[in-house]
Amino acid sequence: MMEFLRRLKRALVSFRERAKMRREASRAFRYDRRQFMANAGALHLDRMSAARAEIVMGYHVLEKGLTMPHRRLGFGRGAVVHLVNLVDSFERRFGADDPQVTHAVAVLRAYRELHRDWPEPMPRLDAFLAARPDVPAAREPHVRRADFFAAKDAPFPEFAASRHVCRHFAGPVPRETVESAIALATTAPSACNRQHARVHVVDSPALRDRLFEMQGGTRGFGQDADKVLVVTSDLSAVRWSWERHDCYTNGGLFVMNLCYALHYHGVAHCILHWSVAPEADRAAHGLLGIPENEAIVQLIACGMPPEEFDVAASPRLAAADVLTWHGGGE
Ligand SMILES: Cc1cc2nc3c(=O)[nH]c(=O)nc-3n(C[C@H](O)[C@H](O)[C@H](O)COP(=O)(O)O)c2cc1C
């Protein structure tokens, strides 16, 4: 009888906990949904920040194209016209004085210079560039491997500035190097030291290609990747509904640390989003046998770098553009 009552009490507590969690999760996800729909850039392109982000995405596509290992002339002509239209429209609405938008013009000029001898005319692009004669072509760095990784033991500001994704892969990353990089990445902080992050290493070209097909962001270089590190975050470590973003915040910190660790070990790597539809997420879990309690956070394609390669410039916002002081700022 006592045992029965004890079990009943436990079941009641668990039922109440579950009901509370469901109520709070609904509230939290409703809140997120409202905030998302009211602010997501794609739905609010009339805002300057959203229009700028659209332009950055547009020039990034071309910048990537300019630095790709298997670059073929004539790439991205649709993207060029799209970017020209975006910049025109931005400048009409918000003015021409924005460094990110100026960089878009510079990337377009670099594209045109590369296509100097292209047989088909590009009248729209030529007129656009002629109207902005003061903006020189962007320079995408061409680097030697030794220089790219030279800041390995330098003070942090230099080391951090030297890290860039690299989409050029020329050889296999030794297993021990992957293990050392992951050991270093585990120094990342996590909420209450719960250490949510896990890494699944994909070491088979067939699995890599299936995964990249679902992901969609590796055209022109994914086929050269030696390994894919699939960083996941264990939802079992999440305790209540207000922590709904924790698997991604903790997983993201781990990814950043892992990127630094890979750079430290001289491994070329490219972070890859995992912004996919639920079906693709489910399929990837099935493909790799990742348990459902692990949310996929990001992928990292990696390989050993060639002797020389191109890197996308990817210029950054100034600190003043990302910083807001609240209260004196003394
Ligand atoms: C969350 C995230 C997702 C990314 N996804 C992709 C991707 O799908 N394909 C790709 O080529 N690069 C991807 N990148 C790499 C970014 O384009 C790159 O980090 C950015 O342009 C800044 O350049 P840097 O890392 O060389 O400084 C991603 C980066 C992050 C942080």
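The rules behind the values
Residues numbered from 1 in each chain as written. Predicted model: local features only at pLDDT ≥ 70, side-chain atom pairs only at ≥ 80, totals over all residues. Buried ≥ 20, exposed ≤ 12 C-beta atoms within 10 Å, placed from the backbone. Helix = DSSP H or I, 4+ residues; strand = E, 2+ residues; numbered from the N terminus. Pairing = 2+ DSSP bridges. Domains from an automatic or database assignment. Contact = placed C-beta atoms within 7 Å. Nonpolar A, V, L, I, M, F, W, Y, C, P; charged D, E, K, R; others polar. Near = placed C-beta within 6 Å. Axes fitted to C-alpha atoms, helices over the stretch in contact; angles between N-to-C directions. Parallel < 35°, antiparallel > 145°, perpendicular 65-115°, else oblique. Left-handed = near helix turned anticlockwise from the far one by under 90°. Core = buried A, V, L, I, M, F, W, Y, C linked by C-beta atoms within 7 Å. Arc of directions from axis to C-beta.

1. Section: the pairing of strand β4 (residues 268-272)
No. 1: Counting buried positions along β4 yields four of five residues, so the element is predominantly enclosed.
No. 2: The pairing of β4 with strand β5 (residues 294-303) spans five bridges and is antiparallel. When the sheet's bridge partners are listed, His 269 is paired in β5 with Cys 302.

2. Observations concerning the domain arrangement of the chain
No. 1: Under the domain assignment used here, the chain contains domain 1 (2-39), domain 2 (42-139) and domain 3 (142-310).
No. 2: Across the boundary between the two partners, domain 1 contributes four residues, which contact four residues of domain 3.
No. 3: Split into classes, the residues belonging to the side of domain 1 that touches domain 3 amount to three nonpolar, no polar and one charged.

3. Focus on the site of the ligand
No. 1: Around the ligand sit His 60, Lys 64, His 164, Val 165, Gly 217, Cys 270, Ile 271, Leu 272, His 273, Gln 298 and Ser 314, and those are all the residues in its vicinity.
No. 2: Of all elements in the fold, only α2 (48-67) and β4 reach the threshold of two or more residues within the shell around the ligand.
No. 3: Per element, the largest residue contribution to the shell around the ligand is three residues, and it comes from β4.
No. 4: The residue makeup of the shell around the ligand, split by class, is four nonpolar, six polar and one charged.

4. Let's talk about the packing of α2 against helix α3 (residues 77-94)
No. 1: It is at 10 Å that the axes of α2 and α3 come closest, and there the two elements cross at 155 degrees. With respect to α3, the axis of α2 lies roughly antiparallel. Crossing hand, α2 versus α3: left-handed. For the pair formed by α2 and α3, the contact residues are Met 48, Ala 51, Glu 54, Ile 55, Gly 58, Tyr 59, Val 61 and Leu 62 on the first element and Ala 79, Val 80, His 82, Leu 83, Leu 86, Val 87, Phe 90 and Phe 94 on the second.
No. 2: Its residues assigned to classes, the contact of α2 with α3 comprises 13 nonpolar, two polar and one charged.

5. Some remarks on the nonpolar core
No. 1: Residues Val 228, Val 231, Leu 258, Leu 299, Ile 300 and Cys 302 are the most contacted members of the largest nonpolar core, which totals 39 residues.
No. 2: Mapped onto this core, the elements with two or more residues apiece are α8 (175-185), β2 (197-202), α9 (205-215), β3 (227-234), α10 (246-264), β4 and β5.
No. 3: Residues within four places of Ile 300 in sequence aside, it is in contact with Val 228, Leu 229, Val 231, Leu 258, His 269, Cys 270, Ile 271 and Leu 272.
No. 4: If you look at the next biggest cluster of nonpolar residues, it comprises 21 residues, including Leu 86, Phe 90, Ala 104 and Tyr 111.

6. A short note on the pairing of β5
No. 1: Counting buried residues in β5 gives 10 out of 10 residues, a clear majority hidden from the surface.
No. 2: When β3 meets β5, the two strands line up antiparallel, connected through eight bridges. Counterpart to Thr 232 in the pairing with β5 is Ile 296.

7. A short note on the packing of α3 against helix α5 (residues 123-130)
No. 1: In the contact formed by α3 and α5, the axes pass within 10 Å of each other and the chain directions differ by 40 degrees. By the angle between their axes, α3 is oblique relative to α5. For the pair α3 and α5, the sense of crossing is left-handed. Where α3 approaches α5, its residues Val 80, Val 81 and Val 84 are matched on the opposing element by Arg 124, Leu 125 and Phe 128.
No. 2: Looking at the contact of α3 with α5, its residues break down into five nonpolar, no polar and one charged.

8. Overview of unusual backbone geometry
No. 1: A positive phi is found at Asn 193, a non-glycine position, where the angle reads about 55 degrees.
No. 2: Considering the arrangement of structural elements, one finds Asn 193 in the loop between α8 and β2.
No. 3: Residue classification places Asn 193 among the exposed positions, given that 6 C-beta atoms sit within 10 Å.
No. 4: At Gln 195, a residue that is not glycine, the phi angle is positive and equals roughly 55 degrees.
No. 5: Take Gln 195: it is sitting in the loop between α8 and β2.

9. A word on α9
What sets the pattern is the α-helix's 3.6 residues per turn: residues three or four places apart point alike.
No. 1: Among the residues of α9, Arg 208, Leu 211, Phe 212 and Gln 215 are the ones counted as buried. Down the axis of α9, the sector holding all buried residues measures 100 degrees, keeping them to one side. α9 presents Ala 206 and Glu 213 as exposed residues on the side facing more than 90 degrees away from its buried surface.
No. 2: Where the residues of α9 are buried, they touch β2, β3, β4, α11 (278-288) and β5.
No. 3: The first or second residue beyond α9 is Gly 216, which carries a positive phi of 80 degrees.

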